[in-house]
Amino acid sequence: MAKPHVNDRGFIRCPCNRCINNAQHQLEVLETHIHRFGFMSDYNDWIYHGENVYAASSSNVLHPNSGVHDRDEMFEVLEDIISNDAEVDQLGSQSSNVQYDDLFTALNSELYPGVSSFSSLNFLVKLMHLKVMNKWTNKSFDELLKLLKLAFPKMDLVESHYEAKKLMTKMGLGYQSIHVCKNDCALFWNENSMSETCPVCFESRWKMQAGRRMGKNVPHKVLRYFPLAPRLKRLFATSKTAKLMRWHQSGKSTDDNVMRHPVDGRAWKDFDSKHTEFADDVRNVRLGLATDGFNPFNNMSISYSMWPVVLTTYNLPPWLCMKPEYLMLSLLIPGPQSPGKDMDVFLRPLIEELNELWENGIDTRDASNDRKVFKMRAALLWTVNDFPARSSLSGWSGQGYKACPTCNENTPSMRVIGKTAYFGHRRFLPSTHRWRSNLDFDGRTDRKRPPRRFSSVDIMDQLRRVKTTIPGKHPNYGGVKRKRGDDELNWRKKSIFYELPYWAEIELKHNLDVMHIEKNICDSLLGTLMGDPHKSKDTDNARRDLQNLGIRSELHLYEDGNKLMKPAAEYTFSEANRRKFCRFVRSVKFPDGFAANLWKNVAQNDSRIVGLKSHDCHVIMQRLLPVGCRSLVNKTISSTIIELCTFFNQLCARTVNVTDMVKAQDQLVIILCKLERIFPPAFFDIMIHLVLHLPEEAILGGPVFMRWMYPFERYLKRLKDYVRNAAKPEGSISEGYVVDEALTFCSRYFDDIETRFNRPDRNDDGIHRTRRLFVFESQCKPMGKQSQVYVEKNMRDRAEFYILNNSPEIETYLNQHKQELQLRGCLNPDKAHRNEFADWFFEKIYAMNRVHAPEVTHELLSLASKSNVFVSSYPTCIVNGVRFVTYARDVRLKTQNSGVSVPGTENEMFYGQLQEILEFSYLNDFLVVLFKCKWFRCDSRRMVTENNITSINITSESYKDDQFILASQAQQVFYVEDPSRGPNWRVVQHVNHRSIWDITEDGMSDIDLLQDNSSSNFTLFVDLGNLPQINLQRNDGDVIPIVQPFTAVSQHVYETVSFLNDDDEEDVSEEDDETVEESADEETDEGNDVVDTKEDDDDHSYHTSDSD
């Protein structure tokens, strides 16, 4: 009887005592369940199996069509969860179904007698979701439950947050607790799971007190492992995400020169060509791995470093895969110490599961393909980390003469006083380039060949020479200090990732993190320009380096009586210019949601800029520094800095052009050589050198915004918020993550409450009404105080003609009227067309309406009837997710949202300021919103573009008779002062809003940062003329006295500056590497292992203090 009533997927409800018609299975599984658990005794009316009965006799059975829970989303949630559980579907095991018994009981229970709109489970899940969304404390949640119980005694609800969390955990995917040796030597896992002592250092597994084990077995450390396979299966369990897992195939760029996603990069394509069987099924998962240390406590004086390992899925579209809802916590490495070189010990469970997913895969039901089972496999594409963490994962030390992982043993470096400088980029120039013979760089010619490319075979050959080391930090075992041999180069170890069978052949294994590179370069440039004593690279030792090299004599330290004097350099601001730059930064106002208010970072006396976060540096490098430095330093110096900033604009674009990156790779060599001619060798830390390899990585991996640390650093802040018990931070995070994971999955099904997936954007423009006429289709939402204003006839006529002229649906009538004017022999047809068309169009449409012409619609009739004489005026309007504010209101705000631009018919741009937001009303309540703008004159005298910087004079106004544009036509820009041209000039900064993509796809959302749309929007032009011969001493006569007396200086033994040739080697111990790494960051503890995630992003820095 049941066979004819299976659904189109071959499933039917199971009437066994365990499933009680709540779960659907195939017939074979259904028969197994009935034999194993028995048939429901009270299932008399077979409403799910063919009988035409509309009510059931049992109150314990869920009846979706009975009207009791007819709209309960939790039924669909549990159906998707259980249907993708292979154990339940295939085996029907009792242990698997027991997990869901309490959930089914709550699902079948009415929240309150007589309340049919909510089941007990539905109400609890939504209540927990509100708790998470609004960050209620556990205590406040308990108090709310008590209040609900007092007000509604018969309510079927849990008693406490603890009970609610236990129930939610049953919908989650859980985690494994794995004990770890106190010295990080090994995991008590698999073959060591029953061991009482560490197999490496033989220390006890348990904490000891007075030489004895504590009353309860308490492990020293616990690693939390969140299995990957079930979390990947969840992505296919619901049709809401299963379809998106194929996006990388359907959404990839059709132009080989354009990259919008990693699928467009060369590394992805190379991987597909080498592993065709894996690439044939587009559902196979591509993963990226990121890890970083952070301090889970608000008190940063406590030294604690916890390391989450986070995975992202690159199958998803670019606007989703970096969202926190799609990031997966895989490992939670416990503190208080960072794992350092023992990272591989903690990665062991993940690597073994990745190997299993690669070799054998796992059976998974695809909700987008009738829940058919397929063999899902997964591969790790690359890792994303800051530079110190990269060393721990890759095994290549980021310290010493050979710190660059790409240049490898041929890293250009030299020893200067107190540090290693990565100087000597002339070797990347053509062998015949004239700069190679120039002595102004370092007093020597450079005939070295560029570093050769190291293939995977070369790297594996190097790794075979690396000695196997004992893991852990025990002073007698893994903690023994050793020196690397000459043949080991900078390799500390062979990374555990090489146990993945495909890892050795991957072209891009570990990404250089652009976020931290850009921040460190910004700190170096800004600190040196501003003369910041803590950040400047122009230190006393840097000047001594110049003296030892015998170059730039004008900058050498010199004696003045009993003092040692340091001449002021051209690449530093004078005190007056420093204040000008600070005032310039203080004056900048950004659009709503674009960046932080940087005026807070400017000292009150306009002498310093302090406390910059990573995104602040991102904005300064790409928006402000090129503008602010133009008139404050020598043109040669400013143009070189602008060229470097332009490259970062190109690199960080949302759409990357391969040709742009190929050109940038050659031009960066010139830029770095010019920087070497300007700044002292001490300026060139490893971050400056790594810029050289960023274009190649962009070609391999695709757009940067999917390969940098911004989304992962912000994810750490979410994990930090889970900490409720400061004594057990790892346990708090693990439990909070599992519950949040379950609630996030459930919230995909909720439409009647606000969730992470349906909550409106900060600047949401509401529901767009579908209209036949373009001008009536609402694409905006006016906001603020509404006022009714009377518009004079001349202005209203101009506004109405603009509306008519920009209605593509009536283009036929526009052309017809122009033809009539020509036949009439009108002397000025354009003027006559503007003045007469509205009346002609009104008569034309009404004449057609009288004869009931079918093309005359209500919208066309309303458009012809002209607007009301009274117009609504607003101060604010949101258009396509972008907030616009009138200039009169904008001047009172700390943000700037009044700048507008529109493209002309010949791709020229017009710039202006929004003066009024006017809403014109027509018959039948049709509305049109117009922007009345003040347009600046854009001729060659009043608008100048130089080095991708467009300056415009704001005193000259044009188009006074043509001030209107449709709100939907406006593009937002903002203006910053132009110190190089005077108070009447502004620099135009274009904004591409985060919610606007040039890819048409459902479910589009925002990304982390405001990016320019394409790298081709910026032209990176580098002057290849003669090397400028500039006097680097500032001509204002300013000198800086050095506190150290001359008598001590005269006896100072200068450290000899040595060059590292291709054949030179350096013995660097493991201890030296770790010591340098741990002391490299002034703003973090444990060598960047501890991150203050109080703000949106961390504040890593690799600068060492060079001040004397």
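Our structure's up above, just so we're on the same page.
On a predicted model such as this, the values are computed, not experimentally measured, just so you know.

A. A look at the overall build of the chain. A count of helical and extended segments in the chain gives 33 helices and 36 strands. Looking at the chain as a whole, 57% of its 1108 residues qualify as buried. Nonlocal contacts in the chain, meaning residues at least 24 apart in sequence, comprise 69% of its contacts between residues at least 6 apart. Total accessible area computed for the chain in this model is approximately 46800 Å², and 47% of it derives from carbon and sulfur atoms.

B. Structural context of a nonpolar patch on the surface. On the surface, a nonpolar cluster with roughly 290 Å² of combined accessible area is contributed by Phe202, Ile470 and Tyr477. Tracing the sequence through the fold places Ile470 in the loop between α16 (456-464) and β17 (510-512).

C. Local environment of the pattern of salt bridges. By the definition in use, this model includes 49 salt bridges. With its nearest N and O atoms 4.0 Å apart, the salt bridge here joins Glu325 to Arg756. Highlighted residues: Glu325 in the loop between β10 (307-313) and β11 (328-333) and Arg756 in the loop between α26 (729-747) and β21 (780-783), separated in sequence by 431 residues. For Glu325, a relative accessible area of 15% puts it in the buried group. In this structure, the salt-bridge partner of Glu499 is Arg348, at a minimum N-O distance of 2.6 Å. One end of the pair, Glu499, is in the loop between α16 and β17; the other, Arg348, is in helix α14 (residues 343-359), and 151 residues separate them in sequence. The network of salt bridges with shared partners includes Asp184, Lys221, Lys341, Asp342 and Lys473.

D. Broad picture of empty space enclosed by the protein. For the coordinates displayed, the defined rule picks out eleven cavities of 30 Å³ or more. Reported here for the largest cavity is a volume of approximately 310 Å³. When residues of the lining of the largest cavity are traced back to their parent elements, those giving at least two are α9 (229-237), α25 (710-721) and α26. Per element, the largest residue contribution to the lining of the largest cavity is five residues, and it comes from α26. Split by residue class, the lining of the largest cavity holds ten nonpolar, two polar and eight charged.

E. Layout of helix α6 (residues 120-134). Spanning 15 residues, α6 covers 21 Å between terminal C-alpha atoms, matching the ideal 21 Å at 1.5 Å per step. Within α6, eleven of the 15 residues are buried, which leaves the element mostly enclosed by the surrounding structure. Of all the residues in α6, the buried ones are Ser120, Leu121, Asn122, Phe123, Leu124, Val125, Lys126, Leu127, Met128, His129 and Lys131. Buried positions along α6 lie against α2 (73-83), α5 (101-107), α7 (138-151), α8 (161-169) and α26.

F. Quick peek at the sheet that holds strand β3 (residues 176-180). Pairing is mixed in the open sheet, where eight strands are placed in the order β4-β3-β7-β11-β10-β9-β14-β17. The open sheet has two edge strands with one neighbour each: β4 (187-188) and β17. Those strands touched by α14 are β3, β4, β7 (221-225), β9 (285-291), β10, β11 and β14 (378-385), and its axis lies near 145° from that of β11.

G. Here's a closer look at the environment of Lys135. In this structure, Lys135 sits in the loop between α6 and α7. Looking at Lys135, the relative accessible area reads 59%, which means it is exposed. Placed 587 residues apart in sequence, Lys135 and Tyr722 show a C-alpha to C-alpha distance of 9.8 Å.

H. Main features of the nonpolar core. Among the nonpolar cores identified, the biggest contains 189 residues, and Leu232, Phe581, Leu625 and Phe648 are the most heavily contacted of them. Per-element accounting of this core gives the leading share, eleven residues, to helix α22 (residues 658-678). Setting aside chain neighbours within four positions, we find Phe581 in contact with Leu526, Met530, Phe573, Ile609, Leu625, Gly628, Cys629 and Leu632. Within the second largest apolar cluster, 51 residues are counted, among which are Phe776, Ile917, Phe926 and Leu930.

Analysis parameters
Residues numbered from 1 in each chain as written. Predicted model: local features only at pLDDT ≥ 70, side-chain atom pairs only at ≥ 80, totals over all residues. Heavy atoms only, no water. Helix = DSSP H or I, 4+ residues; strand = E, 2+ residues; numbered from the N terminus. Buried < 20%, exposed > 50% of the residue type's maximum accessible area, 1.4 Å probe, protein only. Contact = heavy atoms within 4.5 Å. Areas by Shrake-Rupley, 256 points an atom, 1.4 Å probe, with all protein chains shown as cover. Patch = residues over 30% accessible without salt bridge, like charges linked within 9 Å, V, L, I, M, F, W, Y side chains within 5 Å. Salt bridge = Lys/Arg side-chain N within 4 Å of Asp/Glu carboxyl O. 1 Å grid on protein atoms, 1.4 Å probe; cavity = no way out; pocket = protein on both sides within 12 Å on 5 of 7 lines; lining within 4 Å. Points joined across faces, edges and corners; volume = space filled by probe spheres on them. Nonpolar A, V, L, I, M, F, W, Y, C, P; charged D, E, K, R; others polar. Expected span 1.5 Å × (residues − 1). Pairing = 2+ DSSP bridges. Axes fitted to C-alpha atoms, helices over the stretch in contact; angles between N-to-C directions. Core = buried A, V, L, I, M, F, W, Y, C linked by side-chain atoms within 4.5 Å.

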